[in-house]
Amino acid sequence: MKFSSPDIAVHKPIPEPQENEYPVKAWGVEKFGENFKPLTIYRYQVGEYDVKFQIKFCGICHSDVHNVLNEMSTTRGSTYPIVPGHELVGTVVEVGDKVTRVKVGENVGVGCVRDSCLLCEVCDRGEECYCKRGFTHTYNTPKNKDYGHIGGNPEVQNWGGYSEFDVIHEHFIIKIPDDMPLEKAGPILCAGITMWSPLNHWGATDTTKKLNIGIVGIGGLGTMGIKLASALGHRVIAISSSDKKRELAKSKGATGYVVSNDPASVAAESGKLDLILNTVSAHHSLTPYITLLKTDGTLVNLGCIAAPMQYNQFMLLLKRVSIAGSLIGGIPATQEVIDFCHKEQVYPDVKLVGVGDLERVYTELQENNSAAVRYVLDIKSFRGSE
């Protein structure tokens, strides 16, 4: 694993537990530059609105790699120790006295949002990830003391899902259907909602509409987008920089394929697409995608790219097209995509790995982000791996 920017890495050792905390086994990186190792973290005791669940699986997202290897920012470093993971699924083992949404024994999940203010108009309409005061990511973030939804030591950073248990306010819990494969549910809480949210916002979840939708990037995120858009009944065009993933894309439900570096291929679909979801996270030209949009079409960028993107503004003016962005999704939308995937049997392609595989998986994801499979950490692998 290759770490970046050692000068901005933050070291914040785990303090002794408070009276309202208990030890939990976790797997993380204790110090910048080190490998994964077993750690003891402290979760807080269940409060009146809290849900405690035993984690069984946790998806490994490419953003986990960025966070662990200190690649997320050039100005604000990751905090170590770090326990990553924002695709948590497991079974409820304890609930607070005022919890009404779930019961002990039910399967639940937690995605990218651990907390938000729950008071602003954005939170009120169920879009907590756009909270006006800022949402709290599931891990490697400080606890917002003003919100009052996270217990334990307020000075300790949040820990992610590479651990045996978690505790969270019931508002941020996602209910997982009993017969849904838990190992496949985790990535839906990230990749699934990341694709579902723009599909929903730009009208593609309206089953009375039949749209032409483009998906740029045929990796783990893009293939999930192809599956969702296809299951919703739309014509789906996979878009990639080469012809290498044509058969893969079609096997996931794409009805057409465009090679963005081939003018003839782009010309064949020019002006035909209503909506394009762009999953590419590296700097690239937007021109081919704008060419593919029809009048009033929308290009939605989903990749986290810090460098400014360039495009010809006349291309926007001539067809009144829009360039937009989208960030994961709120709790109601996340529940919607879980329920939709369960009903339609739309699942990501996953590969189970153990804690002994983490360095290899992280290196693979760092060096090549094009894999169409989503890696999922089996928490049972903690046993006997110390």
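On a predicted model such as this, the values are computed, not experimentally measured, just so you know.

*Asks:* Looking at this structure, how should I read the packing of aromatic side chains?
*Replies:* By convention here, two paired aromatic rings are described through the distance between centres and the angle between planes. Inspection of the entire model under this criterion finds 6 aromatic pairs. Ring centres of Trp-27 and Phe-382 lie 5.7 Å apart, and the angle between their planes is 45°; this geometry places the pair in the tilted category. You can see Trp-27 sitting in strand E2 (residues 21–28) and its partner Phe-382 sitting in the segment after strand E19 (374–378), a full 355 residues away along the chain. Residue Trp-27 shares its accessibility class with Phe-382, and that shared class is buried.

*Asks:* Which parts of the structure should I look at to understand the sheet that holds strand E17 (residues 322–325)?
*Replies:* For sheets, the rule is that strands pair by backbone hydrogen bonds, running either parallel or antiparallel. If you trace the 6 strands from one edge of the open sheet to the other, you get E14-E13-E12-E15-E16-E17, paired in parallel fashion. The open sheet has two edge strands, strand E14 (256–259) and E17, and neither has a second partner. Sheet twist, expressed as the mean angle between neighbouring strand axes with direction ignored, is 20°. Both strand E13 (residues 235–240) and E14 contribute to a ladder of 4 bridges, which runs parallel. Looking across to E14, one finds that Ala-238 is bridged to Tyr-257. Strands strand E12 (212–216), strand E15 (273–278) and strand E16 (293–301) of the sheet are contacted by helix H4 (residues 191–201), whose axis makes an angle of about 155° with E15.

*Asks:* Hey, could you run me through the nonpolar core in this one?
*Replies:* One broad rule of soluble globular proteins: the nonpolar side chains tend to lie buried together. Ile-60, Tyr-162, Leu-199, Leu-228 and Leu-358 are the most contacted members of the largest nonpolar core, which has 98 residues in total. Of all the elements, helix H10 (residues 331–344) adds the most residues to this core, at 6 residues. Once you skip the residues sitting within four places of it in the chain, Ile-60 turns out to touch Glu-87, Tyr-162, Val-353, Leu-358, Val-361, Tyr-362, Leu-365, Tyr-375, Val-376 and Leu-377. Among the nonpolar cores identified, the runner-up in size contains 15 residues, and Ile-237, Ile-239, Leu-286 and Val-321 belong to it.

Reading guide: rules and limits
- Residues numbered from 1 in each chain as written.
- Predicted model: local features only at pLDDT ≥ 70, side-chain atom pairs only at ≥ 80, totals over all residues.
- Heavy atoms only, no water.
- Phe/Tyr/Trp six-rings, centres within 6.5 Å; stacked < 30°, edge-to-face > 60°.
- Helix = DSSP H or I, 4+ residues; strand = E, 2+ residues; numbered from the N terminus.
- Buried < 20%, exposed > 50% of the residue type's maximum accessible area, 1.4 Å probe, protein only.
- Pairing = 2+ DSSP bridges.
- Axes fitted to C-alpha atoms, helices over the stretch in contact; angles between N-to-C directions.
- Contact = heavy atoms within 4.5 Å.
- Core = buried A, V, L, I, M, F, W, Y, C linked by side-chain atoms within 4.5 Å.

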